[in-house]
Amino acid sequence: LMELLLLLCLEQIRSQKKLLDENTPEMVRLAVKRFIEQCTSPESWAYKQTSFAADTFMLAATSRGLQTCPMEGFESQQAVREAVGLPSRYAVPFVIAIGHEADPPAKKSTRYEFSK
């Protein structure tokens, strides 16, 4: 259902000649045009949206003292799905490695301690 709604929205945007009026700044016109061109399928749109959630996840992990490393561009998404037991109906836009740093830096923070 979500894919259908996205396709209908994108088609409606593409078919309208006056999506933006003459008062719209050129920078906004170019940004909207580029976004529409890049979202050629529901899958490409979903990959972009997944990146926002991944960024929030990595920031939250870092705030808890964990290190993260996003990885993408696999030769075989099927191999990744099999490795983690993910059904074939799901795509894998990227994988995030997470854990504690093996050799934490010896240098302490240069920030001052908080005092009241």
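Presented here is an overview of the structure given in this document. (Residues numbered from 1 in each chain as written. Predicted model: local features only at pLDDT ≥ 70, side-chain atom pairs only at ≥ 80, totals over all residues. Heavy atoms only, no water.)

### A short note on the overall build of the protein chain
Now for step 1: Looking only at helices and strands, one finds four helices and two strands in the protein chain.
Now for step 2: Counted from the first residue to the last, the protein chain has its helices and strands arranged as α-α-α-β-α-β.
Now for step 3: Expressed as a percentage of its 116 residues, the buried residues of the protein chain come to 12%.
Now for step 4: Of the contacts formed within the protein chain by residues at least 6 apart in sequence, a portion of 52% connects residues at least 24 apart.
Now for step 5: Approximately 10,000 Å² of the protein chain is accessible, and the part contributed by carbon and sulfur atoms is 58%. (Helix = DSSP H or I, 4+ residues; strand = E, 2+ residues; numbered from the N terminus. Buried < 20%, exposed > 50% of the residue type's maximum accessible area, 1.4 Å probe, protein only. Contact = heavy atoms within 4.5 Å. Areas by Shrake-Rupley, 256 points an atom, 1.4 Å probe, with all protein chains shown as cover.)

### Notes on the side chain of R81
Now for step 1: Locating R81 in the fold gives a position in helix α4 (residues 77-84).
Now for step 2: Accessibility expressed as a relative area gives 11% for R81, which makes it buried.
Now for step 3: One polar contact links the side chain of R81 to the main-chain carbonyl oxygen of Y90, over a distance of 3.0 Å.
Now for step 4: The residues touching R81, leaving out its near neighbours within four places in the chain, are L86, P87, S88, Y90, A91 and V92. (Polar contact = N/O pair within 3.5 Å; in protein donor to acceptor, adjacent residues only side chain to side chain.)

### Describing a nonpolar patch on the surface
Now for step 1: Residues V84, L86 and Y90 make up a contiguous nonpolar surface patch of about 270 Å² in total accessible area.
Now for step 2: Within the secondary structure layout, V84 lies in helix α4.
Now for step 3: Residue class for V84 comes out exposed when judged on its relative accessible area of 61%. (Patch = residues over 30% accessible without salt bridge, like charges linked within 9 Å, V, L, I, M, F, W, Y side chains within 5 Å. Salt bridge = Lys/Arg side-chain N within 4 Å of Asp/Glu carboxyl O.)

### Here's the deal with the environment of A97
Now for step 1: Looking at where A97 falls in the secondary structure, it is placed in strand β2 (residues 95-99).
Now for step 2: Counting along the chain gives 30 residues from A97 to Q67, while the straight-line C-alpha distance between them is 8.1 Å.
Now for step 3: Setting aside residues up to four positions removed in sequence, A97 forms contacts with Q67, T68, C69 and M71.

### Let's talk about the environment of T50
Now for step 1: Tracing the chain through its elements places T50 in helix α3 (residues 42-63).
Now for step 2: What makes T50 partly exposed here is its relative accessible area of 32%.
Now for step 3: Taking the C-alpha atoms as reference points, T50 and F94, 44 residues apart in sequence, are found 9.1 Å from one another.
Now for step 4: Leave out the neighbours within four places in its chain, and T50 touches P93 and F94.

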